[in-house]
Structures are given as structure tokens and as C-alpha cells.
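The chain contents come next:
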Amino acid sequence: MITDHLTELVAAAFDAAAADGSLELEVAPEIRFERPKRKEHGDWATSVALAGAKGAGRPPREVAETLLEHLPPSDQVTAVEIAGPGFMNFRLSPAWRHDVVRRAADPAGGFGRTNAGAGAQVNVEYVSSNPTGPINVVSGRHAAIGDALANLLEATGHKVIREYYFNDAGSQLRLFGRSIEAHYLRSFGIEAELPEGGYRGDYIADLAAEIAAEDGDLHVHKPPEERVDAFVAMGSQRVLSRIKASLERFGTHFDVWFLERSLHESGALDVALRRLTDNGSVEERDGAVWFRSSRFGDDKDRVLIRSTGAPTYFASDVAYLADKFGRGFDRLIYLWGPDHHGTVPRLLAAAEALGFERERVEVPLVQMITIARGGAALKASKRAGVYVGLDELIDEVGVDAARFTFLTRAMESPLDFDIDIVTRQAPENPVYYVQYAHARISSILLRASSQGLEPNLDAGVLRRLVHSGEEDLMNKLAAFEEALPEAAALRAPQRIVRYVEELAAVFSAFYRDCKVISEDTELTQARLALCVATKAVIANGLGLLGVSAPEKM
């Protein structure tokens, strides 16, 4: 990134000034660059002279002047100006901008990608929707965020495993099985009440009807518990198949589908509990086994094994955590909903108690989503008792529009999803606006090619790019090299959404002010090269979001 180069220049100036006694500092201040708010203040600015003034015992402006005198030459910088009390404003050279165009246009160059992760292995677990019903739009937002986050981590040098945790054990599954059982028995004329707190969506009746159609009355005469076991197994497998189909349709693919039941069957839960017992992190109390989580920052201790001998959901969380680290991951990322807020401190406590650094566990909380049409919020889907299904939303707006909109806000913020806006093919629809910019460039390149005109990335040709609209577009392309690693480091895919929206807007201004195909062949070739670079970066950004980049619309 250019900021790395500028930082090296300023650091060299500090060293040179210290070497000849022009500037005396025990420790040089941290060098940071930011984009000036006003264009006339240059391309990048640093306030390092103000930060170093106190240690040097000199006015900030004098420090800035000393650094300027010792700044090494660079073919990527045309001028450095001192402003105000001591800001240093850097103006970048056309050669630097032309290099950005060449690198961005190179399909094999990995423009914007870094190796910051240095091959660190990261497990990203997301969606993990309840196995007791169809996947809904809330889980759809989780899928879009998880996919984008995994893509960003891979683009910055991490090795990522995408994982789905299927909660196929516990009391909710029994309720689910008993709910199916009631509908199944009714289909054979046997009176049966739905269990208290059971599942009442129409999909439960559909599951029961499917089983009845396939198995007939095979399960009617089974002992009740055996019958419920059968419905839990058959119902959860059918739900899992439907969840997989919905996610496949949405473009979400997992490397691992992890079953909670396997923690019990493999003995992993017992191993984790034994590990906590051996280091004194659990104790028996009132016939139950408690994790002494208050010793690790939690507000109170937590039950792992009930007095009945049944493990809690948290016991499975602990075993699952240990299992992930046991598979060699350097970092674990869980995307959870806001209702899990209270579980985060105890999970981090468990990590520490098991001997892992809690900093290696991240649990961002993805906030809720409200679907609206015609200004009114949609509380439920066509199926009674089920919130708006992901499949229904895809039918309504399409995968690209759903994904892009899910990612427009930070995951920590609630999201209002207005179907009327998202389905509108107009500039106020952000995904349409960005995809249209990509399609427009494709059309320009196709038209140019039909006239025998091709992009030219030679330095002598790119020097023709001197219009302010061209410079603005080159500067915005360069910003992708900051936007991508920042979005990955901050776990903020919405920054890529914002970036591609801004890039599309800058391209639109360029297209308005700069005629791409003209009688000036060399200028046409230069502008076509700029178009190729812009098209590649838009496609790259959309790809990180899991959104397509259409050639025509």
C-alpha cells in the first residue's frame, strides 16, 4: 500500500535527522497517514510532526520542516507541503496512479489482497440455524455476513474453514419430535395434543404428512419414546436437508457440517469436562456439576451437568470449543445472534479455563432484521408461525439483492430491509447501481473492441490520464488496497459495500465528464485501460460480498 511507502519515507527522515543532530528524540512517534478531507490538501497527510514536537522540545512546524529537509526522494511523490501548525501533506505522482491502474487491471495480480494472516487457520462458524424449522431471513443475514467475512479473511492470507453447527441434541429436539408425532397420529384418526411449548408452524404438519406418506402407520404402534426418537431423527434430517438446499440456493457453502450429537457419541464432552475437573475449574454442588466461571470473569458460575445427569447446552458449547482448538485452529469466530449476549462471557471463560487465550475467540453478535413492504413490517411469512423464510425472500428479490442489502449495515446494527427499494431497478437501489456500473463498462469495452480499439497499459499511453475525473477514479481504485485489509481486520464487510458504491459513483462521474471512445486513439486506449481496471475492482469487491458482477443488464 502507498501508505506503507510514505511511512518508510518519514521514518527515514526521522533517522537521517537524528543522525546529523537536526532532531533529537528518544523515541520517534508513531507515523500515521490519513486522507485529507479537502482535495487541495493533497492525497495523504500526517500529523507526526505535532506528535513529535513535545519530545523534540521544538514547535511542530519546525519539526515538520526538519523532516521535509531530510525526506528521501521518491518517484511516487511529487510534492510535500507543510500546512497549519505542522501537518505534512503529500501529493502523489502520476506514475503512482498509473501503476495502480496496471496492477488493478491485472487479473492475476491479486490487487488489494495481502498476506497479513500469514496462513493462520481460522474457523468461522455461522448460521447454525435451529434444526427445528426452515431457515429464515435472520439466518440469511448471518449467511451473507459469514460468507463475506470468510472471503475477506482468505483475501488477507488466512486459511479459513466455514462451519455449520447443527444442534441435534437436547430438549428442543424432543419438543420438535413430539410436535411431529401429534400431527402424524392425527393423520391416522388418533387424537393427540400438541405438547406445551411445541412447534406450531404449518411445516410441522407437512413433515408429519411426508412421513405418513412414506411409512404409513409404521410408527403408530411403537412405544411413545421410541416413536418420538424416530420423529426427532427423521424430522431433523428432513429439516437439515431443506436448510442445506436453501443455503445452496443462496450461494452459501460450508466445509464442515458439525453435529452436536457427535460430541456426546464420541466422548468429546466427557473429555472436556475431565479437563476442567483436573485443573479445578468445576465442582459438584446440589447434585449438579458447576463450571466455576466466576473465577474467569463471568458474573456467576454455570451448570454443566444437571442434577438429573443431563448435560446443559453450555456443556456442549465447552466441548465444541475444545474440539475446534483440538483441530488446530489459531482463531475461532462465532457469529451469534443478540439473544446469545449472556453466553459470550462464559464461553470466553471456558476458553481460558481450558488453557486457551481468550483473545483467540471472537463472538460478534449479528443484530436482527426487519423486512418491510409498502412501509409496513412483515412479521410472518405465508406459513403461520414462521418468520419470513429465506427462500421466500430469494423468490421476491433474488440472491444478489438480498446478499448486498444484508451487508449494507454493520453486523452489530439492526437492519431494515425494504423490499420495494431492493426490487427497484433505479440508482436508489445500491446493488443495481453497482452492478450497472460493471455492466456499462463491459458494454463500453465490447463496443470499443468492435471498432478495433483495445486498452493500452503502457506508461507512455497512461500519461494521457490527466483529467480530474480520471485522477479521482484512479485515486478511488487505489483506496481498495486500504479498504480490503481494513474490512478484514475490523470484521466489517459493510466497508466493502460502501467502497463499491463509492467506486460506482466516481466511475459514473468519470463517464459523464470523459468521453471514453473518441477520435484520439491514444487517449481512448488509456481510458479503456482505466475502464478495465475499474471493472476488475468492482468485480473483485462484489465477489468478496458473494454478489455477481453481470456483463449486461
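Note that the structure is predicted; figures quoted are calculated from it, not measured. (Residues numbered from 1 in each chain as written. Predicted model: local features only at pLDDT ≥ 70, side-chain atom pairs only at ≥ 80, totals over all residues. Heavy atoms only, no water.)

### As for the side chain of Glu 482
Right, on to step 1. Mapping Glu 482 onto the fold places it in helix α18 (residues 468-489).
Right, on to step 2. The contact partners of Glu 482, leaving out residues within four places of it in the chain, are Met 1, Ile 2, Arg 35 and Trp 44. (Helix = DSSP H or I, 4+ residues; strand = E, 2+ residues; numbered from the N terminus. Contact = heavy atoms within 4.5 Å.)

### Observations concerning the pattern of salt bridges
Right, on to step 1. In the structure shown here, the tally under the stated rule is 43 salt bridges.
Right, on to step 2. The residue Arg 331 makes a salt bridge to Glu 362 at a minimum N-O spacing of 3.0 Å. Highlighted residues: Arg 331 in strand β10 (residues 331-334) and Glu 362 in strand β11 (residues 361-362), separated in sequence by 31 residues.
Right, on to step 3. Three or more residues are tied together by salt bridges with common partners; here these are Glu 210, Glu 214, Arg 238 and Arg 242. (Salt bridge = Lys/Arg side-chain N within 4 Å of Asp/Glu carboxyl O.)

### Examining the sheet that holds strand β14 (residues 415-418)
Right, on to step 1. An order of β13-β12-β14 is seen for the three strands of this open sheet, with the pairing classed as mixed. Each edge of the open sheet is held by one strand with a lone partner, namely β13 (376-377) and β14. (Pairing = 2+ DSSP bridges.)

### Details of the confidence of the model for the protein chain
Right, on to step 1. For the protein chain, mean pLDDT is 93; residues scoring 70 or higher make up 98% of the total.
Right, on to step 2. Under a pLDDT of 50 for its full length, residues 380-386 has, in the predicted model, 17 contacts with residues more than four places off or in other chains. (pLDDT = per-residue confidence, 0-100.)

### Some details on the environment of Ala 118
Right, on to step 1. By the secondary structure assignment, Ala 118 is in the loop between α4 (94-105) and β4 (121-125).
Right, on to step 2. Accessibility expressed as a relative area gives 60% for Ala 118, which makes it exposed.
Right, on to step 3. Once the C-alpha coordinates of Ala 118 and Lys 159 are considered, the two residues, 41 residues apart in sequence, prove to be 8.8 Å apart. (Buried < 20%, exposed > 50% of the residue type's maximum accessible area, 1.4 Å probe, protein only.)

### Concerning the sheet that holds strand β1 (residues 44-46)
Right, on to step 1. Strand order in the open sheet made by the three strands is β1-β3-β2, with antiparallel pairing throughout. Each edge of the open sheet is held by one strand with a lone partner, namely β1 and β2 (77-83). Pairwise comparison of adjacent strand axes, ignoring direction, gives a mean angle of 20° for this sheet.
Right, on to step 2. Where β2 and strand β3 (residues 87-92) come together, six bridges link them in antiparallel fashion. Directly across from Val 80, in β3, lies its bridge partner Phe 90. (Axes fitted to C-alpha atoms, helices over the stretch in contact; angles between N-to-C directions.)

### Some points on the environment of Glu 470
Right, on to step 1. Take Glu 470: it is sitting in helix α18.
Right, on to step 2. In this structure Glu 470 comes out as buried when scored by relative accessible area, which is 1%.
Right, on to step 3. Taking the C-alpha atoms as reference, Glu 470 lies 21 Å from Leu 446; in sequence the two are 24 residues apart.
Right, on to step 4. In terms of polar contacts, Glu 470 uses its side chain to reach the backbone amide nitrogen of Val 466, at 2.8 Å. (Polar contact = N/O pair within 3.5 Å; in protein donor to acceptor, adjacent residues only side chain to side chain.)

### What about the packing of helix α7 (residues 202-215) against helix α8 (residues 224-250)?
The description of two packed helices rests on the angle between their axes and on the distance between the axes.
Right, on to step 1. Running from N to C, α7 and α8 point in directions that differ by 115°, and their axes come no closer than 11 Å. It follows from the interaxial angle that α7 and α8 lie roughly perpendicular. With respect to the hand of their crossing, α7 and α8 are arranged in right-handed fashion. Residues Leu 207, Glu 210, Ile 211, Glu 214 and Asp 215 of α7 touch α8, and the partners they reach there are Phe 231, Met 234, Arg 238, Val 239 and Arg 242.
Right, on to step 2. Residues that form the contact of α7 with α8 fall into these classes: five nonpolar, no polar and five charged. (Parallel < 35°, antiparallel > 145°, perpendicular 65-115°, else oblique. Left-handed = near helix turned anticlockwise from the far one by under 90°. Nonpolar A, V, L, I, M, F, W, Y, C, P; charged D, E, K, R; others polar.)

### A closer look at the packing of aromatic side chains
Right, on to step 1. In this structure the tally under the stated criterion is 23 aromatic pairs.
Right, on to step 2. On the numbers, 6.2 Å between centres and 20° between planes, the contact of Phe 111 with Phe 480 is stacked. One end of the pair, Phe 111, is in the loop between α4 and β4; the other, Phe 480, is in helix α18, and 369 residues separate them in sequence. With respect to burial, Phe 111 and Phe 480 carry one shared label: buried.
Right, on to step 3. Pairwise contacts between aromatic rings join Tyr 126, Tyr 164, Phe 166, Phe 254 and Trp 257 into one cluster.
Right, on to step 4. Directly above the aromatic system of Trp 290 lies the positively charged group of Arg 285, at a separation of 4.6 Å from the ring centroid.
Right, on to step 5. One cation-aromatic arrangement involves Arg 403 over Phe 250; the distance from NZ or CZ to the ring centre is 4.3 Å. (Phe/Tyr/Trp six-rings, centres within 6.5 Å; stacked < 30°, edge-to-face > 60°. Lys NZ or Arg CZ within 6 Å of the ring centre and 35° of its normal.)

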